[in-house]
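Coordinate analysis (summary)
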Amino acid sequence: EKMNSTMSEEPDALSVVNQLRDLAADPLNRRAIVQDQGCLPGLILFLDHPNPPVVHSALLALRYLAECRANREKMKSELGMMLSLQNVIQKTTTPGETKLLASEVYDILQSSNMSDMDSVNEMNYRRRKAQFFLGSTNKRAKTVVLHIDGLDDSSRRNLCEEALLKIKGVISFTFQMAVQRCVVRIRSDLKAEALATAIASTKVMKAQQVVKSESGEEMLVPFQDAPVEVEQNTDLPEYLPEDESPTKEQDKAVSRVGSHPEGAASWLSTAANFLSRSFYW
């Protein structure tokens, strides 16, 4: 009987952490999740979970939460956070993508107080942020920016997320719904075409790659229609768009896709209850 109870808890942990990841994907929920008593400690405990998908999903949730600058100090000082991230990075059994994602989260949090000293200078912050993402520790990762036709509501975003999560070599992704973009971090040996194929498999969306020309102009390069050009694109310098969509624009888009902070709040209390049941008795 003992055996059965552990087996039945397994999908529970994964579904709870996936729910948290989906909530954290919405910028309007990020402050609330970090302020909640149970969620951050729960996510940290998930980093030690024996099931690798649980760990990866918890890291994606943390990666989303760390996008909100106001969350970083609290996350960094949360008991066990930095230590657990280090454990994930150092554990020999951790899959490569998960290591890279953990080191990305670690870098962002580690540098948080540095950004705050001159937060007045937004440009400096952005430049530095671009450097973290192309990260000193992440030599084996690259950034691909996709423009996704059809990425216009949260159910499409979930479809897109599911498709990307199936690809070996995808580390993390950030959606900029206002401009129908997805910034994807992938291992350097993964071809960007694989992302386009996965997104095309949803049947309702199609991806193009956003690249910068010599003069710094952004261009959209279709994947399917121009195989020869795509070959060359793999060598383009990695970059992170500095002119990310302004927050106002972002919030408008988020509210348009129907965010329900109240729903999130009630869900958070359910998650916190689950976490306290699982870990603290």
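Residues numbered from 1 in each chain as written. Predicted model: local features only at pLDDT ≥ 70, side-chain atom pairs only at ≥ 80, totals over all residues. Heavy atoms only, no water.

**Considering the packing of aromatic side chains**
Within this structure, the stated rule accounts for one aromatic pair. Arranged with centres 5.8 Å apart and planes meeting at 55°, the rings of Phe173 and Phe175 form a pair that is tilted. Each member of the pair, Phe173 as well as Phe175, is classed as buried. (Phe/Tyr/Trp six-rings, centres within 6.5 Å; stacked < 30°, edge-to-face > 60°. Buried < 20%, exposed > 50% of the residue type's maximum accessible area, 1.4 Å probe, protein only.)

**A look at the nonpolar core**
Membership of the largest hydrophobic core comes to 63 residues, with the highest contact counts inside it found for Leu85 and Leu195. The biggest single contributor to this core is helix 4 (residues 52-65), with nine residues. Each of two domains, domain 1 (13-111) and domain 2 (141-222), supplies a minimum of three residues to this core. Once residues within four sequence positions are removed from consideration, Leu195 is found in contact with Val144, Leu146, Leu164, Ile167, Val170, Val184, Ile186 and Leu190. (Core = buried A, V, L, I, M, F, W, Y, C linked by side-chain atoms within 4.5 Å. Helix = DSSP H or I, 4+ residues; strand = E, 2+ residues; numbered from the N terminus. Domains from an automatic or database assignment. Contact = heavy atoms within 4.5 Å.)

**Focus on the state of the cysteines**
Simply put, disulfide is the name for a covalent bond between the sulfur atoms of two cysteines. Applying the stated criterion to the full structure yields zero disulfides. The thiol sulfur of Cys182 is not disulfide-bonded, and the nearest other cysteine sulfur, from Cys160, lies at 5.2 Å. The exposure class of Cys182 is buried, given its relative accessible area of 0%. (Disulfide = S-S within 2.5 Å.)

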